[in-house]
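Summary of structural features
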Amino acid sequence: MSPQSDQPSRPVGAPGAGGDAAPSDPPVWEARRRRRAVGDRAMQRAVLLALVVGLVLDAIVITIAAVTADGPALIGALIGTGLTLVVVLPTLVIAVIGRRMTPVTMAAGVLGSWAVKMLIVILVLIVVRDLASVSTRWIGLALLVGAVSAVTVEVTLLMRSRQPLDVEPVAAPPEDDA
């Protein structure tokens with residue numbers, strides 16, 4: 001709320017923010033805000049559910065490794081689950097804070113987070129590749145199950161949700177009588 005009136009405050013550049021529109025003209029701005037919020041909620045819900053599904057499936061992999069295999073398999077499954085978090089959590093963070101970012105900042109955040117998580121995965125795999133106490137097969141299995149299932153759930157939910165497309169109509173050019 002703005003201190004001078006009982007009207008909600010608007011960001012700079014929003015219709016009505018600088019006196020360029022009457023306070024009674026917020027429907028377009030409010031409709032855009034609501035549509036954007038629905039899309040944000042769908043994205044956040046999809047990524048959060050994807051994280052939960054990935055972790056539940058990784059817990060099953062860890063249990064199988066603990067019951068049926070030896071110690072290196074369990075350690076490998078735990079490392080793979082940790083790498084699953086490295087792959088999925090930055091996406092969740094970007095989805096949560098993305099609505100406050102400009103498109104360029106969002107693109108930089110997505111690209112930067114992808115580069116960092118790939119660097120971490122590669123470095124961890126290089127460090128553990130020759131250790132006899134860690135099973136790289138179980139790392140790969142846990143990472144594959146967790147990350148692929150998380151991405152699959154995320155894509156499925158986002159395809160089912162109707163993401164609003166905020167496109168301004170193009171004004172028709174003036175007609176010439178000549």
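Since we're looking at a predicted model, the values are computed, not measured.

The rules behind each value
Residues numbered from 1 in each chain as written. Predicted model: local features only at pLDDT ≥ 70, side-chain atom pairs only at ≥ 80, totals over all residues. Heavy atoms only, no water. Helix = DSSP H or I, 4+ residues; strand = E, 2+ residues; numbered from the N terminus. Expected span 1.5 Å × (residues − 1). Buried < 20%, exposed > 50% of the residue type's maximum accessible area, 1.4 Å probe, protein only. Patch = residues over 30% accessible without salt bridge, like charges linked within 9 Å, V, L, I, M, F, W, Y side chains within 5 Å. Areas by Shrake-Rupley, 256 points an atom, 1.4 Å probe, with all protein chains shown as cover. Salt bridge = Lys/Arg side-chain N within 4 Å of Asp/Glu carboxyl O. pLDDT = per-residue confidence, 0-100. Axes fitted to C-alpha atoms, helices over the stretch in contact; angles between N-to-C directions. Parallel < 35°, antiparallel > 145°, perpendicular 65-115°, else oblique. Contact = heavy atoms within 4.5 Å. Nonpolar A, V, L, I, M, F, W, Y, C, P; charged D, E, K, R; others polar.

This next bit is on helix H3 (residues 103–128). The first and last C-alpha atoms of H3 sit 38 Å apart over 26 residues, in line with the 38 Å expected at 1.5 Å per residue. Listed as buried for H3 are Gly109, Ser113, Lys117, Val121 and Val128.

Bringing a nonpolar patch on the surface into the picture now. The grouping of Leu48, Leu49, Val52, Val56, Leu57, Ile60 and Ile64 at the surface amounts to a nonpolar patch, some 550 Å² of accessible area in total. Tracing the sequence through the fold places Val56 in helix H1 (residues 27–68).

Moving on to the environment of Gly71. Positionally, Gly71 belongs in helix H2 (residues 71–97). Under the relative-accessibility criterion, Gly71 is labelled partly exposed at 40%.

For the rest of this paragraph, the subject is the confidence of the model for the protein. For the protein, the mean per-residue pLDDT works out to 76, and 72% of the residues sit at or above 70. Per-element confidence in the protein is highest for H3, whose mean pLDDT is 91, and lowest for H1, whose mean pLDDT is 73.

Attention shifts here to the environment of Leu131. Following the sequence through the fold, Leu131 ends up in the loop between H3 and helix H4 (136–160). Separated by 59 residues in the primary sequence, Leu131 and Pro72 place their C-alpha atoms 9.2 Å from one another.

Let's shift gears to the packing of H2 against H3. Two elements in contact, H2 and H3, have axes separated by 9 Å at closest approach and are oriented at 175°. Between H2 and H3, the interaxial angle falls into the category roughly antiparallel. Here Ile79, Leu83, Val86, Val87, Pro90, Thr91 and Ile94 of H2 lie close against H3, whose contacting residues are Met106, Gly109, Val110, Ser113, Lys117, Ile120, Val121, Val124, Leu125 and Val128. Its residues assigned to classes, the contact of H2 with H3 shows 13 nonpolar, 3 polar and 1 charged.

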